Each structure stands twice: as structure tokens, then as C-alpha cells.
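Reading the structure
Letter by letter, the chains look like this.
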Amino acid sequence: MSTKEQPHPVPAPSVRSGEQTHSEPSQGIRANVERFGRKIATRRGWFGTYDYAWLCTPTLPFALPGQRRRRTHVLPPFYALDADLPLFLAMTTGLQHALAMLAGLITPPIIFASALSLDTETSAYMISASLIGCGILSLVQMSRMKLFRGYYLGTGLISVVGTSFATLSTANSIFDAMYADGTCPTITASDGTTSRGSCPDAYGKVLGTSLIASFLEIFMSFAPPRILQRIFPPIVTGTVILLIGASLIGSSGIPNWGGGSNDCMSRPSSGFFQLCPDITAPRPLLWGSPEFIGLGFLSFVSILLTELFGSPFLKNVSIIIGLAIGCIVAGAAGYIDSSSIKTAPAITFLWVHTFKIGVYGPAVLPMLAVYISLAMEAIGDITASAEVSRVEVEGQEFESRIQGGVLSDGLGGFFSALFTVTPLSIFAQNNGVIAITRCANRGAGRWCCCFLLLFGILGKVSGVFLAIPNPVLGGVTTFLFASVATSGLRVLSFARFTRRDRFVLAAALSFGFGDLLVPDIFAHLFDNVNAGKGLKGLLDSITIILSTPFLSAGIVAAVLNLILPQEGPPSGEDEDDESSVDVEAKGVHIEEQKAP
């Protein structure tokens, strides 16, 4: 089937013929009420002329071009930021945005709760708080409110926020340090095996440290965006994003796929974690058992098949499809513990549970580095959102979007800590929804926020998410984290890859991959140093940074990028490189011809 795109620009459907395509500035409350009344009272106002059949039509991937029926299909119109959007389309696309980012929103609190051995009730609340916080702060990010002297708050795009995977990777290192230095309790069983005790105060200390560190990103937002882009070019940001995804695959995705990322990974011969996820589970098994591997593989393959055969709507929510299919099979086989659903409240909200806010000294420097990486990610995500939304990606307006987005990102880190949630930063996972549905309208984004708030307030929804078996979650999050790493590779592709760039990347990856493959290499770096409490906190901070792959690699890349001088014209170097390659290739070809 050949596809022909509708000429651009395409007028969005209006409520009545003769109306303007784009919403005019408000002429008063009465005009707005009348316009809304006409919208909800007419079929065109509800459904417009959008091709909903196309949105739900499955794909036939194996049809050969010569076997297809030659007919032209006109794509639906593109709905710009402020176009007049039909209500039903706004709701359906908003739901797609919410479902597309849902797995990424629930994964961090589940991993945090597991790492700190928190009880089911607290874990369910953390998921709900994350969803509610994302809904509220996403509304702020989409607003683009003018402040003073040309500064803005928010991007004015469908820029949704979620718990940063950079925070997830760093927090795991911080939690490890807290258990190692006795801040959190370690339980020793009668047979000598050890396990982590519940430590909600550790989560409170991460929140408090994050709240203080968020001011760094707030201050960074007032720097000219071109300066930030010069300090953090693609060779730096791409390295950071690549290693965030790669480290999470190894620390969370694959371990959960095998049965759990807790102490059962070591397959102890006795104790509470002798089996995964623990011996009290409905059907506990040894870590890496074929049953667990099969469940995770089923979820993983479901994502692939959805992408292969699914309609545009299903492709946007393929992660949720993978979770759903995996949970259905796991439930039928008896692997799901429904106690979290039964104990979860019907309705919940922020501050139903609270955590003792504190500051963990060794975590200050790592969290400052996290907020620098969040600012780097925000710039890239805003650029990507602007591209798919068909707005300018250069010039004064675009720079104001970056400034407003980074400012909102920093304030989001501050308020998310008050919401009992780890830093919430700009998410790019919904950009695919914009591209596929051809809808960049902020009305869809606001409906997305409504759905996120609804999912968070309904406590039973969090109970359902908490009941997802580890192998199912692992199969899905492995794909999710690999997508993050792929995004890093895409950002790296924008680098010119001159000799200087290749040198910077090689030096950064030396530390990043080294930490990734041998995680404990820097764990004992300062064991023989006799230091006071203050110096020890500094040394522990350095250890956490060096032990976190994306932090160590990002710092090396940023420093080298600043101190290494730029080389001559990249075209000359590229020509030299191409000449070298051609000569080598020619020489190899000649040698092959000489060979008998």
C-alpha cells in the first residue's frame, strides 16, 4: 500500500465551517465558553475528520510491493501546537501518551522500593506519588509562562516529565554506600547469610539531597542555551545517555529477567532469598530458572510482535502490551502475588506516606552531577520534541523554549522532592507518539496529564503494577533501557567524529565501560586512608561518582571537550581519513589479486 502525505500545511478540522484552524487569542471568558459549548454539542467538535480507522489498522509486514493493491492512502492531517483539536482525538492521543510513558514511570519506584526492602504499602504509594507528580509537573512544563526579561517557565510543547533513569542509576550506588557504611541496617540470619533491612530513611536522604542539588539546574537555566550546548555537545551528552541505558540493563533489567535484582541473584544455599524473588512468593524458583527466562522472553517477544503486526495505536503502547501479555500468562501459571492489590487503598494522593527528609553528605556531589546530566538530557529532549512538533529548532524562540524547559526541569526536581518523588525531568518517550499520530497539540498533552493523575489517585492501579512478576518486568525494562542506550547512540551520531572527538569518546568510554564490566574496581580506592568525618564524606562521594559509569564517563568527556583544542577544518581531516582508508582498502584489494 503506497502512502501519500497530505500537502503541508494542513488545516486542522474546525467545529464549524468558516472557523479559523488555529485558536485565536482569548476574547474573554464568554467567547471561550461559547466555543467550548459548540465543540461538545456537535459531532464534528467531538470527532472532527481524523482517520480513526488508520489509527487502528494492523500492519502486514510481509506483503511484497508487487503483491500489494496499488492504492493511495492519505495520512491524517497534522495538528499543530494550538490547532483546534476534536475532543475524542485529544482524549485518545492523550491516553496513548500516558500509556507510552507508563512503564518508564513505574519502573524507578519499583526498583527503589526493592533496593531498600520497603513494605508493600509504601512501595505502592511510591508508584502513585510518581504518577501524580508526573501529571502535575508535566502540566507546568507544557505551559510556557512568561516570567521577566524574556525568561520563560516551560517549553510550550508536549514535554512530559518522568523519573530520570540517571537518578535511578546513581541512587542505586548511593543506596549501596548507605548499606556499606551502616546508615542502613544489614540483617544476618542464623545460617550466616546477610540481607538488606528495610531503610525508608535512605530514600528520605536521597530526596533531601536532591532538593538541595536541584538549585544547580535552576541556576544553569539562566545561562544562554548556546553556552550550555557548547559545554555539552553531542559527544558528551550521547556518552552519558548511552551509559545510563547500558548500566541499567546490567543492574536492573537482566537481573529482574532472571528472577530478581535482590540477594537471590547470588543463589544462596539457604535463607530468605534462597529462591527468587524470595521463599514466600507463590512459585519461588532459583535465579535464572528457565521458567523465569521464558516469562521475560514472552514479554520481550510481545513487544517485537506488536511492532511487527500492530496498528499505530498498539505500536505506541507496545511496552504496556508486553507487560499485559506477560502478566496474563504469569497469572495463569501462578506466579503473581495478588496481596499488593488487596492491600492497596482505593484512593490515594501525595503525602499519604512521608519520608524523613535528610541530607546524605557523600551523595551531594553525585546528585549535583546528576542535575548537570538532567540539563544535558533536557536540551536534547526539547530539541527532539520541537522537531516532531514542526516548530523552529533554532533562533530566539527555540532558545527560549530550552531556557524555559531547563528551568522547569530544575524546579521540577525541587518540587518532586516535596512530592516524595525522586527528580522528575523531561521525558522523550512520547515523541514517537507525536510522530505516529501526527498530533503535537497541547490539548492531547493535557489529557495525558489527566490520565496520569487518574492512574496515580486510583491506588489499586499501583497495586496492580506492584504485582507484576520480576521476570515480566525484566523482559520489558531490558528493552526500555536498551532504547535509552540507543538514544545515546543517536545523539552520538550528530558528532562530527573528528580525531579529537574520537579521542574524547575513547577516553570517556574507558572509564564508563570499565565501571560497567568491573563494578567494584573503585570500591576500595580509599580503604587505607585515615580520614575524619568530613574528608571521609568527600572520599565516599568520589567513590560513588567513580563507581557510576555514566558519571565517571560524563565528567571525563566534559573535561576533555573543554581542554582539548579544536582541530583544523573537519573537512580536511575527513578527507585525510578517507584517503587513508581508500589507500588501505586499495592495498588490500591488490594483495588479494596477487594471491594465487
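Just so it is clear, the model here is predicted, and its values are computed rather than measured.

1. So, the overall build of the protein
Looking only at helices and strands, the protein features 23 helices and eight strands. With the model as given, the accessible surface of the protein reaches about 27,100 Å², and the carbon-plus-sulfur share is 64%.

2. Observations concerning a nonpolar patch on the surface
A contiguous nonpolar surface patch, about 440 Å² in accessible area, is contributed by Phe-36, Ile-40, Trp-46, Phe-47 and Phe-88. Residue assignment for the nonpolar patch shows that the elements contributing at least two residues are helix 1 (29-41) and helix 2 (43-47). When you line up the elements, Ile-40 lands in helix 1.

3. Comments concerning the state of the cysteines
Counted by the stated rule, this structure contains two disulfides. Between the sulfur atoms of Cys-184 and its disulfide partner Cys-199 the distance amounts to 2.1 Å. Judged by the torsion about the S-S bond (-70°), the Cys-184/Cys-199 disulfide is left-handed. Of the two residues, Cys-184 is situated in the loop between helix 6 (165-180) and strand 6 (186-188) and Cys-199 in the loop between strand 7 (194-196) and helix 7 (200-220); the sequence distance between them amounts to 15 residues. Its relative accessible area of 2% is what places Cys-184 among the buried residues. Across a sulfur-sulfur distance of 1.9 Å, Cys-264 and Cys-276 are joined as a disulfide pair. Looking down the S-S bond of the Cys-264 and Cys-276 bridge, the torsion is 105°, so its handedness is right-handed. In this pair, Cys-264 sits in the loop between helix 9 (234-257) and helix 10 (290-309) while Cys-276 sits in the loop between helix 9 and helix 10, placing the two residues 12 residues apart along the sequence. Looking at Cys-264, the relative accessible area reads 1%, which means it is buried. In the protein, the cysteines engaged in disulfides, taken in order along the sequence, are linked 1-2, 3-4.

4. Quick notes on the nonpolar core
The biggest cluster of nonpolar side chains holds 125 residues, and the ones touching the most others in it are Leu-131 and Phe-175. Per element, the largest residue contribution to this core is 12 residues, and it comes from helix 4 (residues 87-115). Sequence-distant contacts of Leu-131, defined by excluding residues within four places in its chain, comprise Leu-102, Leu-105, Ile-106, Leu-452, Leu-453, Phe-455, Gly-456 and Phe-465. In terms of nonpolar packing, the next biggest core, distinct from the first, is built from 11 residues, Tyr-52, Leu-85, Leu-89 and Cys-439 among them.

5. Points about unusual backbone geometry
Of note, the amide linkage connecting Cys-276 to Pro-277 takes the cis form, showing an omega dihedral of -5°. As for its placement among the helices and strands, Pro-277 is situated in the loop between helix 9 and helix 10. If you check the backbone angles, Arg-267 has positive phi at about 50° while not being a glycine. For Arg-267, the position within the fold is in the loop between helix 9 and helix 10. On the accessibility criterion, Arg-267 (43% relative accessible area) is partly exposed. Phi angles above zero are rare outside glycine, and Arg-390 is one such case at about 60°. With respect to the secondary-structure elements, Arg-390 resides in the loop between helix 14 (364-388) and helix 15 (396-418).

6. With respect to the environment of Leu-453
Tracing the chain through its elements places Leu-453 in helix 17 (residues 442-457). For the pair Leu-453 and Gly-135, spaced 318 residues apart in sequence, the C-alpha separation works out to 5.3 Å. Those residues within four positions of Leu-453 in sequence are excluded, and the remaining contacts are Leu-131, Ile-132, Gly-135 and Ile-136.

7. So, empty space enclosed by the protein
A water-sized probe rolled over the atoms picks out the places where empty space is left. With the rule as written, the count across this model stands at two cavities of 30 Å³ or more. There is about 40 Å³ of room inside the largest cavity. If you go around the largest cavity, the residues you meet are Pro-108, Pro-109, Phe-112, Met-126, Ser-130, Thr-163, Tyr-203, Val-421 and Thr-422. For the lining of the largest cavity, the elements supplying multiple residues, two or more each, are helix 4 and helix 5 (120-143).

8. Examining the side chain of Ser-123
With respect to the helices and strands, the residue Ser-123 is situated in helix 5. Ignoring any residue separated from it by four or fewer positions in sequence, one finds Ser-123 in contact with Ala-113, Leu-118 and Leu-466.

9. Points about the packing of aromatic side chains
Enumeration over the complete set of coordinates arrives at 19 aromatic pairs. The interplanar angle of 85° and the centroid separation of 5.0 Å between the aromatic rings of Phe-272 and Phe-273 together place this pair among those described as edge-to-face. Overall, Phe-272 belongs to the partly exposed group, its relative accessible area being 40%. For Phe-273, a relative accessible area of 14% corresponds to the buried category. Taken together through their ring pairs, the aromatic side chains of Phe-112, Phe-175, Tyr-203 and Phe-355 make up a single cluster. Note that Arg-144 overlies the ring of Tyr-152, its terminal NZ or CZ placed 4.1 Å from the centroid.

10. Digging into the pattern of salt bridges
In the structure shown here, the tally under the stated rule is five salt bridges. Between Asp-82 and Arg-442 there is a salt bridge, with its nearest N and O atoms 2.6 Å apart. With a gap of 360 residues between them, Asp-82 in the loop between strand 2 (72-74) and helix 4 and Arg-442 in helix 17 connect regions that are remote in the sequence. For Asp-82, a relative accessible area of 35% puts it in the partly exposed group. Looking at Arg-442, the relative accessible area reads 13%, which means it is buried.

11. Quick word on the packing of helix 4 against helix 5
At a closest axis distance of 9 Å, the pairing of helix 4 and helix 5 adopts a crossing angle of 145°. For the pair helix 4 and helix 5, the crossing hand works out as right-handed. Between helix 4, through Leu-102, Leu-105, Ile-106, Pro-109, Ile-110, Phe-112 and Ala-113, and helix 5, the contact on the second element is made entirely by Ser-123, Met-126, Ile-127, Ser-130, Leu-131 and Cys-134. Looking at the contact of helix 4 with helix 5, its residues break down into 11 nonpolar, two polar and no charged.

12. A closer look at the layout of surface pockets
A volume near 1,600 Å³ is recorded for the second largest pocket. Lining the second largest pocket we find 47 residues, and of these Asp-381, Ala-384, Ala-428, Asn-431 and Ser-487 sit closest to its centre. Taken together, the residues that form the lining of the second largest pocket break down as 27 nonpolar, 14 polar and six charged.

13. Here we look at the confidence of the model for the protein
When pLDDT is averaged across the protein, the result is 84; 88% of the residues are at 70 or more. A low-confidence stretch, residues 572-596 (pLDDT under 50), is modelled with five contacts involving residues beyond four sequence positions or located in other chains.

14. Observations concerning the packing of helix 4 against helix 6
Following both chains from N to C, one finds helix 4 and helix 6 inclined at 5°, their axes separated by 11 Å at the closest point. By the angle between their directions, the pair helix 4 and helix 6 is classed as roughly parallel. Every residue of helix 6 that contacts helix 4 at Gly-104, Pro-108, Ile-111, Phe-112 and Ala-115 is listed here: Phe-165, Thr-167, Leu-168, Ala-171, Asn-172, Phe-175 and Tyr-179. Residue composition of the contact of helix 4 with helix 6, by class: nine nonpolar, three polar and no charged.

What counts, and where the lines are drawn
Numbering of residues starts from 1 in each chain and follows the order in which that chain's sequence is written. In keeping with the model being predicted, local features are shown solely for residues with a pLDDT of at least 70 and side-chain atom pairs are shown and tallied solely at 80 or more, while totals for entire chains, interfaces and linings include all residues. Side-chain descriptors were evaluated using all non-hydrogen atoms of the structure, hydrogens and water having been removed beforehand. What counts as a helix is a DSSP run of H or I of at least four residues, what counts as a strand is a run of E of at least two, and both are numbered from the N terminus. Only the protein chains shown count as covering a residue, and every accessible area follows the Shrake-Rupley method with a 1.4 Å probe. Candidate patch residues must exceed 30% relative accessible area and have no salt bridge, after which like charges are joined if within 9 Å and Val, Leu, Ile, Met, Phe, Trp or Tyr side chains if within 5 Å. In what follows, salt bridge is the name for a side-chain nitrogen of Lys or Arg lying within 4 Å of a carboxyl oxygen of Asp or Glu. Throughout, a disulfide means two cysteine sulfur atoms within 2.5 Å of one another. Relative accessibility thresholds used throughout: buried, under 20% of the residue-type maximum; exposed, over 50%; partly exposed, between the two (1.4 Å probe, protein chains only). Throughout this description, the term nonpolar core refers to a set of buried Ala, Val, Leu, Ile, Met, Phe, Trp, Tyr and Cys residues connected via side-chain atoms within 4.5 Å. Throughout, a residue-residue contact means that at least one pair of heavy atoms, one from each residue, lies within 4.5 Å. As defined here, a cavity is a set of points on a 1 Å grid over the protein atoms alone where a 1.4 Å probe fits but cannot get out. A pocket is an open set with protein on both sides within 12 Å along at least five of seven lines, and residues line them when an atom is within 4 Å of a point. Grid points are joined across faces, edges and corners, and a volume is the space filled by probe spheres set on the points. Pairing of aromatic rings covers Phe, Tyr and Trp, the last through its six-membered ring, and needs centres within 6.5 Å; plane angles under 30 degrees mean stacked, over 60 mean edge-to-face, and all others mean tilted. Charge-over-ring placement is defined geometrically: NZ (Lys) or CZ (Arg) within 6 Å of the ring centre, and within 35 degrees of the ring normal. Note on geometry: axes are C-alpha line fits, over the in-contact stretch for helices, and angles between N-to-C directions span 0 to 180 degrees. A clockwise turn of the near helix away from the far one marks a right-handed crossing, whereas an anticlockwise turn of less than a right angle marks a left-handed crossing. Amino acids are sorted into nonpolar (Ala, Val, Leu, Ile, Met, Phe, Trp, Tyr, Cys and Pro), charged (Asp, Glu, Lys and Arg) and polar (every other residue, Gly among them). Each residue carries a pLDDT value, the predictor's own confidence for that position, ranging from 0 to 100. Working definition: roughly parallel below 35 degrees, roughly antiparallel above 145 degrees, roughly perpendicular at 65 to 115 degrees, and oblique for all remaining angles.

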